[in-house]
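# Chain and residue survey
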Amino acid sequence: MMIDKISHNASQWLLHTTMLTAFLLTAMPAVQTTAQTMSEDKTETIVGSEVKEKSPADIRSVDTVIAAIGQAGDAAEKILLLVNVESFDIQFLGEPETIDGYKQIETAIADNESAVADMRHAMKGSAVFYNALDSHAVDIDKVVAAQITEDGAVTVYLLASK
């Protein structure tokens, strides 16, 4: 009697294990496809717009960057409230030694050090900014300014080359 009970339990265990294995093997392709789709679409879904990169050649004037640095405190507040954007541009300024007017930028950063730090902190806490910048492997600590227009256009300036 005891042997029949053990044999019956072993049979049930084997049946359940086989069924679970079959289920997992059939479900894995669906899980993999879903994960790939989520990672490919997450940035545009979260940001609400395509994230574009701009080269140092696209910058019109160093004065634009200096003005944006001066508004870093306002930008930090807007970043925390921003849910969706019309456009999102990452403006690479280049490496410090290659930027005309770098001394002016450096002075503006020093004059607004606390506001720039607050802005970076806000970016790390914002799903929109974090995902947009992360999708382009941008180090938030290299961001020096951000402009956010009334219509939701965002430009982020950073001291780096792509």
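Note that the structure is a prediction, hence the values are computed from the model and not measured. (Residues numbered from 1 in each chain as written. Predicted model: local features only at pLDDT ≥ 70, side-chain atom pairs only at ≥ 80, totals over all residues. Heavy atoms only, no water.)

## Considerations on the pairing of strand β4 (residues 153–158)
Across a regular strand the side chains alternate sides, sitting on one face of the sheet and then on the other. Across the 6 residues of β4, 6 count as buried, placing the element largely inside the fold. Side chains Ala153, Thr155 and Tyr157 of β4 all project onto a buried face; the interleaved residues Val154, Val156 and Leu158 project onto the opposite face, where all are buried too. Relative to β4, strand β2 (residues 87–92) is paired through 6 bridges, and the arrangement is parallel. From the neighbouring strand, phenylalanine 88 faces β4, where its bridge partner is valine 154. Where strand β3 (residues 143–148) and β4 come together, 5 bridges link them in antiparallel fashion. Looking at the pairing, glutamine 147 lines up with threonine 155 of β4. Between β3 and β4, which pair antiparallel in sequence order, lie 4 residues; one of them, glycine 152, sits at a positive phi of approximately 90°. (Buried < 20%, exposed > 50% of the residue type's maximum accessible area, 1.4 Å probe, protein only. Helix = DSSP H or I, 4+ residues; strand = E, 2+ residues; numbered from the N terminus. Pairing = 2+ DSSP bridges.)

## Here's the deal with the sheet that holds strand β1 (residues 51–54)
Within the open sheet, the 4 strands sit side by side as β1-β2-β4-β3. Their pairing is mixed. Two strands in the sheet have a free side with no partner beyond their single neighbour: β1 and β3. For this sheet the average axis-to-axis angle between neighbouring strands, irrespective of direction, equals 20°. As defined by bridge partners, β1 adjoins β2 across 4 bridges and the pair is classed as parallel. (Axes fitted to C-alpha atoms, helices over the stretch in contact; angles between N-to-C directions.)

## Let's talk about the pattern of salt bridges
Evaluation of the coordinates by the stated rule reveals 4 salt bridges. Where lysine 54 meets aspartate 89, a salt bridge forms, and the shortest distance between an N and an O atom there is 3.5 Å. Of the two residues, lysine 54 is situated in strand β1 and aspartate 89 in strand β2; the sequence distance between them amounts to 35 residues. The partly exposed category is assigned to lysine 54, whose relative accessible area is 32%. (Salt bridge = Lys/Arg side-chain N within 4 Å of Asp/Glu carboxyl O.)

## Brief notes about the packing of aromatic side chains
A full pass over the atoms with the stated rule returns 1 aromatic pair. Between phenylalanine 88 and phenylalanine 129 the ring centres are 5.2 Å apart and the planes differ by 65°, which places this aromatic pair in the edge-to-face class. In this pair, phenylalanine 88 is assigned in strand β2 and phenylalanine 129 in helix α6 (residues 127–134), connecting sequence segments 41 residues apart. The same class applies to phenylalanine 88 as to phenylalanine 129, namely buried. (Phe/Tyr/Trp six-rings, centres within 6.5 Å; stacked < 30°, edge-to-face > 60°.)

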